[in-house]
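Inside the fold
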Amino acid sequence: MTTQATSKGTSKGTPKGAWQITFLLFLFMVVNFADKIVVGLAGVPIKKEMGLTQEQFGDLGSSFFLLFSISAIVAGFIVNRVATRWVLLILAVIWSLAQFPMVGTVSFTTLVICRIILGAGEGPAFSVAAHAIYKWFPDEKRTLPTAILSQGSAFGVILAVPALNWIIVNHSWHHAFGALGIVGLIWAVAWFALGKEGPLVSTSAVTADEPRIPYLKLLTSRTFIGCVVATFGAYWALSLGLTWFTSFIIEGLGFSQHQAGFVSILPWIFGATIVLLTGWISQLMLTRGFTTRGRARGVLGSVPLIVGGAILAMLPYAPPGGIMIALLVIGSGLCGSIYVVCPPMLGEFTPVSQRGAIIAIYGALYTISGILAPMVMGNVIQHAATPMAGYMSGFTINAAIMAGSGLLGLLLLWPNTERARLTGTSQPAGTIKGAMSPT
């Protein structure tokens, strides 16, 4: 049953239409990650056709993230004042139009420019979508829809890779970009017709009454820093998967392009399972009275990063083939849990009027690893004795970054007491603003 927003900007019920919006935004993230994966999936054909070195291909992968963080921050402040419905629509149109120049013959420079524009349009995607969803769900019910939103990334790869790989194998990588442009425009039309702004937002009077916290205090809070650091390590693994996983399967392990298309979806299937499981477990724990620091969010997101890093560290000692693929799939897939818990943790202590900007800045900072990871991997492979040795060194660096970021997250994530520290007020440990009492 639809309920009115409380004086704190949340509701004890879920408004009608919330899950329809969640599904549309899930599809939004499906398109988002299909756009991201296409360069990595077509990496070997692109390198052969354009005569690119491993270092140049790494630079191409990094170019996507050059404006990614800046646009995320700008959009974060915009959605504090502008309806998310229109911002999301504009982003989707930008993605779609950025794909079409690649349909014909293109130079390396044109390809890089189009990826930079695409990255600028996709940088704010998750943070704006999360901010939009939080206008439909009260805090204690946000973890599961956040998990579903996050899984748009996995399903974007799972659904898109077989289709895009078929186009690449049977036609060309150029046509794969065109197909994504058409799909993006279809989503934009659907959102224009069905997208709505959520009702669980503060009124002007409530917003004025809500205590604002200086941005410097929010950005230097231990939980904000912990979220950025922990997700930085996770995104390092993700951006390597987007850019280099398929190339490794072909160049390192000797699979064909057709075979590599099927292998490339395995990390995302495993990651989707981890993320959905994390969201369900976290929400179940919250309803049973666990603190968001204890196991329900902070620890639940950090520990898988540490374990995943340890698994990836074993990669150079495994024989090439199935065992190596399994270690990559499990190690990189475990990092997905942090994406589920961090946005709700930030939402716990950030005032509603500042939430869009804080989530966007968080996203902008951790995605800096998207610039670094593909570039570092390309440089390492280029200067290694053999491509395989280069891949192993690159994945070992990934393992160290993942495990280290998980340890720091474990030390820094204390969302259940953050708001009290920032405002100087008392708040019982483990409580959530606007949450219902466990039954």
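One structure accompanies this document, and this report is about it. Source: prediction; values computed, not measured.

Turning to the overall build of the protein, a few remarks are in order. Looking only at helices and strands, one finds 22 helices and 0 strands in the protein. Relative to all contacts within the protein whose residues are 6 or more apart in sequence, the contacts with residues 24 or more apart total 84%. A total of about 16,300 Å² of accessible surface is found on the protein, and carbon and sulfur atoms cover 71% of it.

Glancing now at the pattern of salt bridges. Inspection of every chain in the model, using the stated rule, returns 3 salt bridges. In this structure, the salt-bridge partner of Lys47 is Glu251, at a minimum N-O distance of 2.9 Å. Of this pair, Lys47 sits in helix H2 (residues 43-50) while Glu251 sits in helix H12 (residues 222-252), and the two are 204 residues apart along the sequence. Taking the relative accessible area as the measure of exposure, Lys47 reaches 8% and is therefore buried.

Within the fold, Ser69 resides in helix H4 (residues 68-78). Polar side-chain contacts of Ser69 include one of 2.5 Å to the backbone oxygen of Ala364. A polar contact is formed between the side chain of Ser69 and the side chain of Thr367, at a distance of 3.2 Å. Each residue touching Ser69, except ones within four places of it in the same chain, is listed here: Ala364, Thr367 and Ile368.

Below, the discussion takes up the side chain of Ser302. Following the sequence through the fold, Ser302 ends up in helix H16 (residues 298-313). Taking relative accessible area as the criterion, Ser302 reaches 0% and is therefore assigned buried.

How each quantity is defined
Residues numbered from 1 in each chain as written. Predicted model: local features only at pLDDT ≥ 70, side-chain atom pairs only at ≥ 80, totals over all residues. Heavy atoms only, no water. Helix = DSSP H or I, 4+ residues; strand = E, 2+ residues; numbered from the N terminus. Contact = heavy atoms within 4.5 Å. Areas by Shrake-Rupley, 256 points an atom, 1.4 Å probe, with all protein chains shown as cover. Salt bridge = Lys/Arg side-chain N within 4 Å of Asp/Glu carboxyl O. Buried < 20%, exposed > 50% of the residue type's maximum accessible area, 1.4 Å probe, protein only. Polar contact = N/O pair within 3.5 Å; in protein donor to acceptor, adjacent residues only side chain to side chain.

So far we have only geometry, and geometry alone does not tell us how the molecule works.
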